[in-house]
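Reading the structure
The primary structure of each chain is shown beneath.
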Amino acid sequence: MDKMWAGRFVKALDKQADDFNSSIRFDARMYKQDICGSMAHAAMLASQKIIGEDDADAIIEGLEGILNDIEKGTLQIDENAEDIHMFVEALLTERIGDTGKKLHTARSRNDQVAVDIRLYLRDESEEIISGIKSLLEAILAQAKQHKSTIMPGYTHLQRAQPIFFAHHLLAYAMMLTRDIGRIEDAKKRMNLSPLGSCALAGTTYNTNRKMTAEKLGFDGITLNSIDGVSDRDFCIELLSAFATLMMHLSRFSEEIILWSSWEFKFVELDDSYTTGSSIMPQKKNPDIAELVRGKTGRVYGDLMAMLTVLKGLPLAYNKDMQEDKEAIFDAIDTVKQCLNVFPPMIEGMKALPENMLNAAKKGFINATDLADYLTKKGLPFRTSYKISGQAVAYCIEKGKVLDTLSLEEYKAFSDIIGEDVYHAIDLNTCVETRISDGGTGSASIDAQIAFVTEFLNK
Ligand code: ARG
């Protein structure tokens, strides 16, 4: 195929160099955004009297035909084309004749590709946000079901204090609301049109950039043409939001993997989201959670790749920037795959409250509550803390737990301890009386559920 830019060349591009240079393999997926961008551009050219109305009509109709044919599956995107922009423009000219050659007036592939990626990422970010919302729904449903399921809360992966399972799950919901916030925030800066920046310096034609921006649903236009064509900050911002989201999914995955082990047995994943072993008949493996944890590394890699490609690039456009697409597309595909499987996995996950409660009964997780009990009876907290520690050491030696010490045994540690100690260190009391805002107490859980519900409804 003759290159559209071949004017000054006497020799054709070497075949291997041509393949190396081509981006159609991965940028073909932006065909719709490319075509819509071109339609808006053609309409603007006519309205500014840069090309005739008839020409613009023919171009727009031709572009519509190409779009329909691709969507219907009757038109294959030619793998030999240099990129999606060249493919669409060449085909347009093939279909409507020389009028097609007017489309590229007052435009460059540099602003064209910049506008295409922004449009593409805008659509994909919406899908990712709705995937995160499905996960929030699944978490919310589990949280509502387990408002009074007691489990041990951990620090250092050591049993620390009793909490409600709902409280633990809602911690992930909070992370996910921030993930959506980060993506929406990145979108605000991304949703400005670079179209009309042309190669780098703007154009001598009397264009109307605001018009194309409005037609394409942008909030406004970029203000510096050099920045317009060379800025990929929005890719980095989105990638870092995706990397953070994946980090959250990975932490959640890690807990699900631990919880479904025989050592914990706090949850059982649905058969449809687990796999067996080819040799060990007893196995039920949490592969989906493990893969999400593994794929997190991939998305971090995509962020690093993007940062590294841009580092040290002089202004304005450089071909290095073609490398932006594979990184951001890979991250989008990966995040979307993870968000397809994660919500139903959470939805089908069965909590095993009895096992959680049994684990909570061991490990002296009410030792803080014993100290608080003594403090409320008048001892300074440090003194109470010491007494509670001594009681724990005594229990360990005798093979007992705080709940089974007799009042006599308690009195030996401090005579201000009375019969009411048993109520104070009862696990139900421990969770219910954590009444501070944001704590595990029921009022806080209700407030968290209300917050997430409202977040999803807005
Ligand atoms: N395929 C190119 C890219 O993705 C399009 C822009 C090409 N611009 C140029 N001046 N060669 O970056």
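Residues numbered from 1 in each chain as written. Predicted model: local features only at pLDDT ≥ 70, side-chain atom pairs only at ≥ 80, totals over all residues. Heavy atoms only, no water.

The next subject is the site of the ligand. Every residue near the ligand is listed here: Ser 23, Asp 27, Asp 83, His 85, Arg 109, Asn 110, Val 113, Tyr 317, Gln 322 and Lys 325. Contact between the ligand and Asn 110: a nitrogen atom at 2.9 Å from a side-chain N or O atom of the residue. Side-chain polar atom of Gln 322 to a nitrogen atom of the ligand: 2.8 Å apart, as the coordinates give it. Among the elements that make up the shell around the ligand, the one with the highest residue count is helix H6 (residues 109-145) (three residues). Classifying every residue of the shell around the ligand gives two nonpolar, four polar and four charged. (Near = heavy atom within 4 Å. Polar contact = N/O pair within 3.5 Å; in protein donor to acceptor, adjacent residues only side chain to side chain. Helix = DSSP H or I, 4+ residues; strand = E, 2+ residues; numbered from the N terminus. Nonpolar A, V, L, I, M, F, W, Y, C, P; charged D, E, K, R; others polar.)

Attention shifts here to the side chain of Arg 434. The topology assignment puts Arg 434 in the loop between helix H18 (427-432) and helix H19 (442-457). According to the relative accessible area criterion, Arg 434 is buried, its value standing at 19%. At 3.1 Å, the side chain of Arg 434 and the side chain of Asp 369 are in polar contact. Not counting chain neighbours up to four residues away, the residues in contact with Arg 434 comprise Gln 161, Thr 368, Asp 369, Gly 439, Thr 440 and Gly 441. (Buried < 20%, exposed > 50% of the residue type's maximum accessible area, 1.4 Å probe, protein only. Contact = heavy atoms within 4.5 Å.)

Once that is clear, we can look at the state of the cysteines. Tallied over the full model, the rule gives zero disulfides. The thiol of Cys 198 is not disulfide-bonded; the next cysteine sulfur, from Cys 36, is found 20 Å away. Free of any disulfide, Cys 395 has its nearest neighbouring cysteine sulfur in Cys 430, separated by 14 Å. Overall, the relative accessible area of 0% leaves Cys 395 in the buried class. (Disulfide = S-S within 2.5 Å.)

In this section: the packing of helix H7 (residues 165-190) against H19. Orientation of H7 relative to H19, taken along the N-to-C sense of each, is 30°, at an axis distance of 10 Å. By the angle between their axes, H7 is roughly parallel relative to H19. Considering the relative orientation of H7 and H19, their crossing is left-handed. Here H7 contributes Ala 166, His 167, Leu 170, Ala 173, Met 174, Thr 177 and Ile 180 to the contact with H19, which in turn contributes Ser 444, Ile 445, Gln 448, Ile 449, Phe 451, Val 452 and Phe 455. (Axes fitted to C-alpha atoms, helices over the stretch in contact; angles between N-to-C directions. Parallel < 35°, antiparallel > 145°, perpendicular 65-115°, else oblique. Left-handed = near helix turned anticlockwise from the far one by under 90°.)

All right, on to the nonpolar core then. By size, the foremost hydrophobic cluster in this structure holds 80 residues, and its most contacted members are Leu 121, Leu 249 and Ile 256. Looking at this core element by element, the count peaks at 15 residues for helix H10 (residues 233-259). Those residues in contact with Leu 121, other than ones at most four positions away along the chain, are Met 190, Phe 234, Cys 235, Leu 238, Ile 328 and Ile 332. Grouped together as the second largest cluster of nonpolar side chains are 27 residues, Ile 24, Tyr 31, Ile 70 and Ala 106 included. (Core = buried A, V, L, I, M, F, W, Y, C linked by side-chain atoms within 4.5 Å.)

Moving on: H19. The end-to-end C-alpha distance of H19 is 22 Å, a good match for the 22 Å that 16 residues give at a rise of 1.5 Å each. Looking at the buried residues of H19, the elements they touch are H6, strand E2 (158-164) and H7. (Expected span 1.5 Å × (residues − 1).)

Following the sequence through the fold, Arg 109 ends up in helix H6. For Arg 109, a relative accessible area of 23% translates into the label partly exposed. Setting aside residues no more than four positions away along its own chain, Arg 109 makes contact with Trp 5, Glu 82, Asp 83, His 85, Met 86 and His 104. At 2.6 Å, the side chain of Arg 109 forms a polar contact with the side chain of Asp 83.

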